[in-house]
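Each chain is listed here by its residues.
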Amino acid sequence: AANSDSNKVGAQAFEFWTTLAEDEQNRKVKGLPCKDYMAACKTDLLQLIFSGLLKITFEEDEDDDEWGHALSAACCLQRLSVLMGNELMDPVVSYVAMHIQSQDWKEKYASLMALGSITEGPDKTKFSLVIVQALQNLLAMFQDPNGKVREAISWVMSRISEHHAEVLLSP
């Protein structure tokens, strides 16, 4: 269903996984038993999310408020990141590194959505090391010719400010 051509079907499929991640996180916080379905399918789910992030159905000059594959996949990745923390750092950072310098604005946008989606979950020190190394390149993306890429980097920087302000305050 997540690979459906229908935005509504794709969004609902990612909503299923988002809800499952939220449920598992709530169970862990409350000390309740958890089946760890998300951990069991992490690799396949990440590939599905990465694929979903690239299913951008709006054009660069259109509003992207409609919940389709890309935004739903990013939301799912956020919840998965909160649940799994550091376990997602390496695969997501690899995905970002592979797509962030692309000539295709949709690949840049997808990689920025992935990066912004994991700001809340991983250990602050581990995430900060990655961001410090990438900060100059990220800041340069504010000059990207594509408005959606500039919009996405603005969102990423707001997420970094919210969860890792110390990175932006250090020399």
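Provided above is the structure to which this section pertains.
## Side note on the packing of aromatic side chains
Each aromatic ring pair is described using two quantities: the centre-to-centre distance and the angle formed by the ring planes.
1) Next: Scanning the entire structure with this criterion turns up three aromatic pairs.
2) Next: Both rings, one in Phe16 and one in Trp17, keep their centres 5.1 Å apart while their planes meet at 80°; by these two values the pair is edge-to-face.
3) Next: With centroids separated by 6.2 Å and ring planes inclined at 75°, the aromatic side chains of Trp105 and Tyr109 adopt a geometry described as edge-to-face. Here Tyr109 and Trp105 lie together in helix α6 (residues 105–117), a separation of four residues that amounts to about one turn.
4) Next: Given a relative accessible area of 3%, Tyr109 falls into the buried group.

## With respect to the packing of helix α1 (residues 7–30) against helix α4 (residues 69–84)
1) Next: Two elements in contact, α1 and α4, have axes separated by 8 Å at closest approach and are oriented at 10°. The angle between the axes of α1 and α4 places the two elements in the roughly parallel class. Across the interface between the two elements, Asn7, Gly10, Ala11, Phe14, Trp17, Thr18, Ala21, Glu22, Glu24, Gln25 and Lys28 from α1 touch His69, Ser72, Ala73, Cys75, Cys76, Arg79, Leu80, Val82 and Leu83 from α4.
2) Next: Taken together, the residues of the contact of α1 with α4 break down into ten nonpolar, six polar and four charged.

## Focus on the pattern of salt bridges
1) Next: With the rule as written, the count across this model stands at six salt bridges.
2) Next: Residue Asp23 pairs with Arg27 through a salt bridge whose shortest N-O separation is 3.4 Å. Of this pair, Asp23 and Arg27 both sit in helix α1, four residues apart, which is roughly one turn of that helix.
3) Next: Asp23 gets classed as partly exposed once you look at its relative accessible area, which sits at 37%.
4) Next: Since its relative accessible area comes to 32%, Arg27 is described here as partly exposed.
5) Next: Across the pair Lys42 and Glu87 runs a salt bridge whose closest N-O atoms are separated by 3.6 Å. With Lys42 in helix α3 (residues 42–53) and Glu87 in the loop between α4 and α5 (89–99), the pair connects residues that are 45 residues apart, well separated along the chain.

Reading the values: rules and limits
Residues numbered from 1 in each chain as written. Predicted model: local features only at pLDDT ≥ 70, side-chain atom pairs only at ≥ 80, totals over all residues. Heavy atoms only, no water. Phe/Tyr/Trp six-rings, centres within 6.5 Å; stacked < 30°, edge-to-face > 60°. Helix = DSSP H or I, 4+ residues; strand = E, 2+ residues; numbered from the N terminus. Buried < 20%, exposed > 50% of the residue type's maximum accessible area, 1.4 Å probe, protein only. Axes fitted to C-alpha atoms, helices over the stretch in contact; angles between N-to-C directions. Parallel < 35°, antiparallel > 145°, perpendicular 65-115°, else oblique. Contact = heavy atoms within 4.5 Å. Nonpolar A, V, L, I, M, F, W, Y, C, P; charged D, E, K, R; others polar. Salt bridge = Lys/Arg side-chain N within 4 Å of Asp/Glu carboxyl O.

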